[in-house]
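# Fold and geometry: a report
This is what each chain is made of:
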Amino acid sequence: MNCRDALRLLFDVVDNEASESEIKKVREHIQSCEKCAARYEMEQKFKKCIEKKGKFSPECEKLRDKITQQLDDIDPGSGGADLFPSPLN
Amino acid sequence: MADRKPIVYRQRFEKEAMVHIDALMRTARRMTKSDTDAEDLVQETMLKAYRFFDKFEEGTNCKAWLFKIMTNIFINNYRSKSKAPQSLTFDDIDDSFLFGQLAKNKEMSDPEKEFFSKIFDKDVRKAIDELPEDFRMVVILSFIEGFAYQEIADITDLQIGTVKSRLHRGRKLLQKALFDYARRSGFIKEPLN
Ligand SMILES: [Zn+2]
């Protein structure tokens, strides 16, 4: 694998979408290529940083209680056939 | 055979669906940009999901199923009908912009470490919120909620190739925005070139 192939697979690997064999080939390449190793590390750190800092826990205890109460009045499975109606244009 | 007794549905729904209210709420707030609309959207989503819970295939990803229901309701009822398709191009940002900028910073000993440890939570959230809507959704579903490309394609009704290209551009825009925030906050110095 050369640098071009390694970078082509960059986001598939970072996003956990690459196959086992692709991951193995990338791993072999970045062991001997400092530049690609640095890029992979940066993109992985970036993704983790966004997840950690961009994720907040909304306060929704009240909403949860409200919904739980409303479930009492609903017959599960009463929705019919049209779960995903197409947009009304 | 699934047991069709309401009490069993109720228990399964509370165990498998109700646990995702936080994630739905987090994303609904970003979709609607309003706390009240977000609560209404999540409520409508959960009640609809319960009514259709017999359609949920056991063993599949319940969180993805709920997000698809929510996205569908949002598109039909909340999003402004006049929304024009976005045809902006962002190809002026280099693919390795952030990497290049951080690597160029020779006067700092470890600019990458500085960048990732010091960037503010509020700036990360603001940068996400300010992404154009099409990119924002896929970025949130991937980076924040951890869905796979195929799951995002199912939730948003997009082709997987479109998901990948929007995610790619979204990531670039996010990196550019965060680098600008970092520079403005002063913990990343302007590279001398
Ligand atoms: Zn390389």
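## What to know about the overall build of chain A
- Secondary structure assignment for chain A yields 5 helices and 0 strands.
- Starting at the N terminus and ending at the C terminus, chain A contains elements arranged as α-α-α-α-α.
- Relative to its length of 89 residues, chain A is extended, with a C-alpha radius of gyration of 23 Å against a globular reference of 12 Å.
- Overall, the C-alpha framework of chain A stretches about 65 × 30 × 30 Å when taken along its three principal axes.
- When each of the 89 residues of chain A is scored for burial, the buried share is 37%.
- Considering only residue pairs separated by 6 or more positions, chain A has 67% of its internal contacts joining residues 24 or more positions apart.
- As presented, chain A carries roughly 5800 Å² of accessible surface, and 46% of it is formed by carbon and sulfur atoms.

## As for the coordination of the zinc ion
- Protein coordination at the zinc ion: the donors are C3 of chain A (SG), H29 of chain A (NE2), C33 of chain A (SG) and C36 of chain A (SG), at 2.1 to 2.4 Å from the metal.
- Around the zinc ion, the 4 donor atoms are arranged such that angles at the metal cover 104 to 112°; this shape is classified as tetrahedral.

## Brief notes about the domain arrangement of chain A
- Considered domain by domain, chain A is made up of domain 1 (1-42) and domain 2 (55-89).
- Taking the mean C-alpha position of each, domain 1 of chain A and domain 2 of chain A sit 42 Å from one another.

## Considerations on the interface of chain A and chain B
- Taken residue by residue, the interface counts 46 residues in chain A and 56 residues in chain B.
- Between chain A and chain B we count 5 salt bridges in total.
- Residue R171 of chain B is joined to D15 of chain A by a salt bridge in which the shortest nitrogen-to-oxygen separation is 2.7 Å.
- Summed over the shared surface of chain A and chain B, the number is 21 residue pairs in polar contact (both at pLDDT 80 or more).
- Of all the secondary-structure elements, those providing two or more residues to the side of chain A that touches chain B are α2 (10-14), α4 (34-54) and α5 (61-71) of chain A.
- For the side of chain A that touches chain B, the element with the most residues is α4 of chain A, which contributes 13 residues.
- Of the residues assigned to the side of chain A that touches chain B, the class counts are 21 nonpolar, 8 polar and 17 charged.

## Details of a negative patch on the surface
- Together, D37, E39, D40 and E44 of chain B make up a region of like negative charge exposed at the surface.
- Relative to the helices and strands, E44 of chain B is located in helix α3 (residues 35-51).

## Here's the deal with the side chain of T27 of chain B
- Considering the arrangement of structural elements, one finds T27 of chain B in helix α2 (residues 21-32).
- With residues up to four places along the chain from it excluded, the contact list for T27 of chain B reads F67, M70, M137, I140 and E145 of chain B.

## A few points about the domain arrangement of chain B
Residue and element names in this part refer to chain B.
- The assigned domain composition of chain B is domain 1 (7-81) and domain 2 (97-184).
- Using only C-alpha atoms to locate each centre, domain 1 and domain 2 end up separated by 25 Å.
- Each partner contributes residues to the interface: domain 1 has 14 residues there, and domain 2 has 15 residues.
- When domain 1 packs against domain 2, the two sides together hide about 1300 Å² of surface, and 50% of this comes from carbon and sulfur.
- Among the residues domain 1 hides against domain 2, the three largest losses belong to R30, F67 and K68. Together they make up 42% of the total.
- Here domain 1 is connected to domain 2 by 4 salt bridges.
- Here E145 ties to R26 by a salt bridge, and the two come within 2.8 Å at their closest N and O atoms.
- Those elements giving two or more residues to the side of domain 1 that touches domain 2 turn out to be α2 and α4 (62-78).
- Top element by residues in the side of domain 1 that touches domain 2 is α4. It accounts for 6 residues.

## Some words on the side chain of T32 of chain B
All names here are of chain B.
- Along the chain, T32 turns up in helix α2.
- The exposure class of T32 is buried, given its relative accessible area of 15%.
- A polar contact of 3.0 Å, which involves the side chain of T32, links it to the backbone oxygen of S34.
- Not counting residues up to four positions away in its chain, the partners in contact with T32 are D37, A38, L41, F74 and Y78.

## Here we look at the packing of α4 of chain A against helix α8 (residues 133-144) of chain B
- Orientation of α4 of chain A relative to α8 of chain B, taken along the N-to-C sense of each, is 95°, at an axis distance of 9 Å. The orientation of α4 of chain A with respect to α8 of chain B, classified from their angle, is roughly perpendicular. Counted together, F46, K47, I50, E51 and G54 of chain A of α4 of chain A and S142, F143 and I144 of chain B of α8 of chain B form the full contact between these two elements.
- For the contact of α4 of chain A with α8 of chain B, the residue count by class is 4 nonpolar, 2 polar and 2 charged.

What counts and what doesn't
- Residues numbered from 1 in each chain as written.
- Chains lettered and ligands numbered in written order.
- Predicted model: local features only at pLDDT ≥ 70, side-chain atom pairs only at ≥ 80, totals over all residues.
- Heavy atoms only, no water.
- Helix = DSSP H or I, 4+ residues; strand = E, 2+ residues; numbered from the N terminus.
- Rg over C-alpha atoms; globule rule 2.2 N^0.38 Å.
- Buried < 20%, exposed > 50% of the residue type's maximum accessible area, 1.4 Å probe, protein only.
- Contact = heavy atoms within 4.5 Å.
- Areas by Shrake-Rupley, 256 points an atom, 1.4 Å probe, with all protein chains shown as cover.
- Donors = N, O, S within 2.8 Å, 3.2 Å for Na, K, Ca; no water.
- Tetrahedral: all angles 85-135°; square planar, octahedral: opposite > 155°, others 65-115°.
- Domains from an automatic or database assignment.
- Salt bridge = Lys/Arg side-chain N within 4 Å of Asp/Glu carboxyl O.
- Polar contact = N/O pair within 3.5 Å; in protein donor to acceptor, adjacent residues only side chain to side chain.
- Nonpolar A, V, L, I, M, F, W, Y, C, P; charged D, E, K, R; others polar.
- Patch = residues over 30% accessible without salt bridge, like charges linked within 9 Å, V, L, I, M, F, W, Y side chains within 5 Å.
- Lys, Arg positive; Asp, Glu negative; His and termini not counted.
- Charge placed at Lys NZ, Arg CZ, Asp CG, Glu CD.
- Buried area = accessible area lost by both parts, 1.4 Å probe.
- Axes fitted to C-alpha atoms, helices over the stretch in contact; angles between N-to-C directions.
- Parallel < 35°, antiparallel > 145°, perpendicular 65-115°, else oblique.

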